Amino acid sequence: MHVIKRSGFYCLLFGALLFSACSSNNITSDDSLKKYFDEYHVTGTFGMFDNGQAQFTIYNLKRFTDSAYSPASTFKIVNSLIGLQTGVISGEKMVIPWDGVVRSHPEWNKDLTMEQAFKVSAVPYYQEVARRIGKDTMQHWLDSLGYASKYGRAFIKNDLDSFWLDNNIKITADEQLGLVKKLYFEQLPFQKRVQAVVKNVMVQEKNSNYTLAYKTGWGYKEDGKSIGWIVGWEEENKHPYFFVLQIEGAHDMDMVTARLAILKNILSQYGFFKGQR
């Protein structure tokens, strides 16, 4: 593990999404994390921002800052925000009835609330949300956020209900980290109530020691390889740590197991989950 000191690197690394001002900072590059990726035969990157210390810890820095991938179901964060802001989603308990199409995920084959759909990452629910939002309104909010714009405007040129799944738009890990940090502090251009609802539905584990909040994503590159995401934060003693994990592996890999195991192995190595951070 070594520390890289760079003046003004906040500006270069996270752009307008994360910081409103730029300053010098410390970035710890931690190659020891490679073993967790190797264990599951994947490549990838991991980044964490310790908000209290303004300290970054990153594995595979170049991939973290420069490589963009389909957001897959991590886009449900933004889809939820836009849906709530526009009134398309009335609240986390709003039900969209099942369309009767039997899909490979049994948990999708029923009426779902927004909260349930978010937790089980129900694609059909959020496809319907996107259709109700409409292309022009969706594009307006993507532009307002500067979402997935590192290499140019995220323009919806394909189907409105699949552009976040089919490599139409691509986002970098550093952009993802900027988004969840701003969401946590309710600094995105949405109503505070809207951001609070999405923050709450992102919580996956909560006990006296810690809160773990995240959204997963799973998709495929143009070459057929699997790509996976987990973006969110871990909070202990009211101190948030923001993280992004992005991995890539074989088309038929067990993404569900791999991405969560890698994340928890990394967090455990750093001493999380004990309420002592």
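This text follows the structure it describes.
The rules behind the values
Residues numbered from 1 in each chain as written. Predicted model: local features only at pLDDT ≥ 70, side-chain atom pairs only at ≥ 80, totals over all residues. Heavy atoms only, no water. Phe/Tyr/Trp six-rings, centres within 6.5 Å; stacked < 30°, edge-to-face > 60°. Buried < 20%, exposed > 50% of the residue type's maximum accessible area, 1.4 Å probe, protein only. Lys NZ or Arg CZ within 6 Å of the ring centre and 35° of its normal. Helix = DSSP H or I, 4+ residues; strand = E, 2+ residues; numbered from the N terminus. Polar contact = N/O pair within 3.5 Å; in protein donor to acceptor, adjacent residues only side chain to side chain. Arc of directions from axis to C-beta.

Visitor: Just to check I follow, could you spell out the packing of aromatic side chains for this structure?
Guide: The relative placement of two aromatic rings is captured by the distance of their centres and the angle of their planes. Evaluation of the coordinates by the stated rule reveals 16 aromatic pairs. Ring geometry for Phe 49 versus Phe 56: centroids 4.6 Å apart, planes at 40°, classification tilted. Owing to a relative accessible area of 2%, Phe 49 belongs among the buried residues under this scheme. Residue Phe 56 is classed as buried on the basis of its relative accessible area of 0%. Feature note: the residues Phe 75, Tyr 147, Phe 163 and Trp 164 constitute an aromatic cluster, connected by ring pairs. The cationic tip of Lys 199 hangs over the ring face of Tyr 184; the distance from NZ or CZ to the ring centre is 5.1 Å.

Visitor: What am I meant to see in the environment of Ser 268 here?
Guide: With respect to the helices, strands and loops of the structure, Ser 268 is situated in helix 10 (residues 255–269). Among the polar contacts made by the side chain of Ser 268, one reaches the main-chain carbonyl oxygen of Lys 264 at a distance of 2.8 Å.

Visitor: Looking at this structure, I do not really get helix 7 (residues 135–145). What am I missing?
Guide: Each full turn of the α-helix corresponds to 3.6 residues, which orients residues three or four apart in the same direction. Buried within helix 7 we find Met 138, Gln 139, Trp 141, Leu 142 and Leu 145. Buried residues along helix 7 cover an arc of 165° about the axis, so they all sit on one side. Phi turns positive, to about 65°, at Gly 146, one or two residues after helix 7.

Just geometry here; none of it tells us what the structure is for.
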